[in-house]
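Okay, here's what each chain looks like letter by letter:
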Amino acid sequence: MTDDSRPARPVMLGQNQYGKAENRVVKITRDGATHHIKDLNVSVALSGDMDEVHYSGSNASVLPTDTTKNTVYAFAKEHGIESAEQFGIHLARHFVTSQEPIKIARIRIEEYTWERIEASDANSKFIGADEVKHSFVRKGQETRVTQITYDGSSWEVISGLKDLVVMNSTNSEFWGYVKDKYTTLPEAYDRILATQVAARWRFNWSDDEQRMPHWEKSYEQTKKHMLQAFAETYSLSLQQTLYQMGARIINNRSEIDEVRFSLPNKHHFLVDLEPFGLKNDNEVYFAADRPYGLIEATVLRDGCEAKIPVDLTNL
């Protein structure tokens, strides 16, 4: 028996967290006849003084996960959703400052974007021109993501995107690599380079005394620089392209210190058409599903420390 008369425990509790995952919240802002949509998937994870609920089942320090769900929806009304980052900051601050047992709050958010449907001139005169201001089509280009972590004094904001599929139909080569007895891949001097980008970038904003980034503008500009680097790099390897994408972001966005990419190489192989008496002059390809090369790396501002988990882009 220990000094407090409780049985000795053969094992100890390690890191733990709890919360409500994947709260789907859609906020419509009505600016007269013009409507705006924010469509989020919000996951809340809380950690702190939670030993007893694990050891004895006492819920005295536990804020129900149902309450965290309700808070997400109430905050959508009370604070609005200016951006995924700002919404996550409101939530994280609330959970840490309002509940003494909670020491750290982590908010993960996926954002799904919508764009307006333009009505034809012919239809406008029947339904009224203002009607088209409330019709939308879901964008499918990528999913925007962010993760906000707050411990009561400092912030960590890691934003990014996933499922952004890009392709260069030329200006890509792959040759001069190591060859052994198992190597069968022919060298390529004009190939398709395609990938499905998963990227995370870490902001250097970390406390309330600093000027907060403009989250919406930052996302738009970061994506722009990433895509421009992909398009403008004559690629001798996907690794080279990855580095150029990250470097372009770091060099142009002072609020970002670290970028991590996970880039699956979406292979396109030339189809052998000679059995049919046809010459394939880099025109017809087989798009391979799997297996695929997976290239991952972190690009950092000089003097900065890598803090984005290496597996975050693959979750």
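Structural data are supplied above this passage.
Residues numbered from 1 in each chain as written. Predicted model: local features only at pLDDT ≥ 70, side-chain atom pairs only at ≥ 80, totals over all residues. Heavy atoms only, no water.

1. Focus on the overall build of the protein chain
The number of helices and strands found in the protein chain is 6 helices and 12 strands. Here the C-alpha atoms of the protein chain give a radius of gyration of 25 Å, more than 25% beyond the 20 Å that 2.2 N^0.38 yields for 315 residues. A principal-axis box enclosing the C-alpha atoms of the protein chain has dimensions of 85 × 70 × 40 Å. Here the protein chain holds 315 residues, and 39% of them are scored as buried. Counted over contacts in the protein chain with a minimum sequence separation of 6, partners at least 24 positions apart contribute 67%. Surface exposure of the protein chain reaches about 18,100 Å², of which carbon and sulfur atoms provide 50%. On the protein chain, the mean spot of the 37 positive side-chain charges and the mean spot of the 46 negative ones are 3 Å from each other. (Helix = DSSP H or I, 4+ residues; strand = E, 2+ residues; numbered from the N terminus. Rg over C-alpha atoms; globule rule 2.2 N^0.38 Å. Buried < 20%, exposed > 50% of the residue type's maximum accessible area, 1.4 Å probe, protein only. Contact = heavy atoms within 4.5 Å. Areas by Shrake-Rupley, 256 points an atom, 1.4 Å probe, with all protein chains shown as cover. Lys, Arg positive; Asp, Glu negative; His and termini not counted. Charge placed at Lys NZ, Arg CZ, Asp CG, Glu CD.)

2. Section: the pattern of salt bridges
For the structure shown, the criterion picks out 18 salt bridges. The salt bridge partner of Lys-69 is Asp-66, with a shortest N-O separation of 2.9 Å. One end of the pair, Lys-69, and the other, Asp-66, are both in helix 2 (residues 65-78), 3 residues apart, so they sit about a helical turn from each other. Residue classification places Lys-69 among the partly exposed residues on the basis of a relative accessible area of 26%. Among the ionic pairs, Lys-162 bridges to Glu-110, the shortest N-O distance being 2.6 Å. Of the two residues, Lys-162 sits in strand 7 (residues 155-168) while Glu-110 sits in strand 3 (residues 102-112), which places them 52 residues apart along the sequence. Linked through salt bridges whose partners overlap, the residues forming this network are Lys-38, Glu-85, Glu-111, Arg-144 and Glu-216. (Salt bridge = Lys/Arg side-chain N within 4 Å of Asp/Glu carboxyl O.)

3. Thoughts on the packing of aromatic side chains
Counting across every chain of the model gives 7 aromatic pairs. Look at Tyr-150 and Trp-155: their rings are 3.9 Å apart centre to centre, the planes differ by 15°, and that puts the pair in the stacked class. On the basis of relative accessibility, which here comes to 4%, the residue Tyr-150 falls in the buried class. Geometrically, the ring pair formed by Trp-201 and Tyr-219 is tilted, given 6.0 Å between the ring centres and 40° between the ring planes. Of this pair, Trp-201 sits in strand 8 (residues 193-203) while Tyr-219 sits in helix 5 (residues 215-232), and the two are 18 residues apart along the sequence. One exposure class covers both Trp-201 and Tyr-219, and it is buried. Through a chain of ring-to-ring contacts, three or more aromatic side chains come together here, namely Tyr-150, Trp-155, Phe-203, Trp-205 and Trp-215. We note Arg-93 situated over the ring of Tyr-150; from NZ or CZ to the ring centre the distance is 5.9 Å. The residue whose ring lies beneath Arg-144 is Tyr-219, and the NZ or CZ to ring-centre distance is 4.4 Å. (Phe/Tyr/Trp six-rings, centres within 6.5 Å; stacked < 30°, edge-to-face > 60°. Lys NZ or Arg CZ within 6 Å of the ring centre and 35° of its normal.)

4. What to know about the environment of His-79
Looking at the secondary structure, you find His-79 in the loop between helix 2 and helix 3 (84-98). Along the sequence, His-79 and Glu-111 sit 32 residues apart, while their C-alpha atoms lie 17 Å from each other.

5. A word on the layout of surface pockets
Within this model, the largest pocket holds a volume of roughly 620 Å³. Lining the largest pocket we find 25 residues, and of these Phe-174, Leu-185, Arg-191, His-267 and Phe-269 sit closest to its centre. Breaking the lining of the largest pocket down by element, the ones donating at least two residues are helix 6 (238-252), strand 10 (268-270) and strand 12 (293-300). Looking at the lining of the largest pocket, the element that brings in the most residues is strand 10, giving 3 residues. Residue composition of the lining of the largest pocket, grouped by class: 14 nonpolar, 7 polar and 4 charged. (1 Å grid on protein atoms, 1.4 Å probe; cavity = no way out; pocket = protein on both sides within 12 Å on 5 of 7 lines; lining within 4 Å. Points joined across faces, edges and corners; volume = space filled by probe spheres on them. Nonpolar A, V, L, I, M, F, W, Y, C, P; charged D, E, K, R; others polar.)

6. Observations concerning the environment of Ser-83
When you line up the elements, Ser-83 lands in the loop between helix 2 and helix 3. On the basis of relative accessibility, which here comes to 1%, the residue Ser-83 falls in the buried class. The spatial distance from the C-alpha of Ser-83 to the C-alpha of Glu-111 is 9.2 Å, given a sequence separation of 28 residues. In this structure the side chain of Ser-83 is engaged in a polar contact, spanning 3.0 Å, whose partner is the backbone nitrogen of Gln-86. (Polar contact = N/O pair within 3.5 Å; in protein donor to acceptor, adjacent residues only side chain to side chain.)

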